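Read off the chains here:
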Amino acid sequence: MDGLDLPTPFDTARFIDMLARTRGRPIELVPVAARPHLPCGLLVTTDQADRILYPADTTPLHQQHIQLHEIAHLLCGHHETSPAASSAAQVLLPHLPAALVQRVLGRTVYTEPQEAEAELVASLILNRAAQLDRAGAAVSAPAGSAEARMRSLFAPPERQNTDRPDARRRPWRT
């Protein structure tokens, strides 16, 4: 993780964009409604892009951890060896042809070695980002900033405005 380039201050979306450029392949964030008995995060690898599905109806802190967990699967190369989890893919991606989906990784069993490794890597990224942020915060923060940060982490998620041209959600292409 020491060689991984992280933005300072840390921003998950910016980090993912940097990683996509480094890999030469798009990584798209797709907010979805959470569904019981399905993974809370999902990495879908197609021949053209990697897509990270994450629950739109959870806190920003939880969304960040899920996104970084799925990114960790990419960094660790888990996407290269995992077969498609067809039941999750069929439920979450019914409009996407099965032949298009090469691999799907979802968090369903936390005892699997790949899941433990992805959890560790996600935690290491956040730990290193916090260290870099602290080192870069030599100037004192304005009053109330700690409270604002706590609210942003634990507040209910804002509704996604997908009508904006810069919205992170992108339509699926077949």
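Our structure's up above, just so we're on the same page.
Nothing here was measured: the structure is a model prediction, and the numbers come from that model. (Residues numbered from 1 in each chain as written. Predicted model: local features only at pLDDT ≥ 70, side-chain atom pairs only at ≥ 80, totals over all residues. Heavy atoms only, no water.)

**Here's the deal with the overall build of the protein**
- For the protein, the count of helices and strands is 5 helices and 4 strands.
- Expressed as a percentage of its 174 residues, the buried residues of the protein come to 40%.
- For the protein, the proportion of contacts with a sequence separation of at least 24, taken over those separated by at least 6, is 68%.
- Of the roughly 10,100 Å² that the protein leaves accessible, carbon and sulfur atoms contribute 54%. (Helix = DSSP H or I, 4+ residues; strand = E, 2+ residues; numbered from the N terminus. Buried < 20%, exposed > 50% of the residue type's maximum accessible area, 1.4 Å probe, protein only. Contact = heavy atoms within 4.5 Å. Areas by Shrake-Rupley, 256 points an atom, 1.4 Å probe, with all protein chains shown as cover.)

**As for the pattern of salt bridges**
- Throughout the structure, instances matching the rule amount to 3 salt bridges.
- Between Asp-50 and Arg-25 there is a salt bridge, with its nearest N and O atoms 3.0 Å apart. Remark: Arg-25 occurs in the loop between helix H1 (12–23) and strand E1 (27–32) and Asp-50 occurs in strand E3 (residues 50–55); sequence separation between them is 25 residues.
- In this structure, Glu-28 engages Arg-51 in a salt bridge whose closest nitrogen and oxygen atoms are separated by 3.1 Å. A residue pair is termed long-range when its members are at least 10 positions apart, and Glu-28 in strand E1 and Arg-51 in strand E3 qualify at 23 residues.
- We classify Glu-28 as buried; its relative accessible area is 5%.
- Overall, the relative accessible area of 5% leaves Arg-51 in the buried class.
- Here the salt bridges share partners, and the residues they tie into one network are Arg-23, Arg-25 and Asp-50. (Salt bridge = Lys/Arg side-chain N within 4 Å of Asp/Glu carboxyl O.)

Spatial relationships are all this shows, so hold off on functional conclusions.
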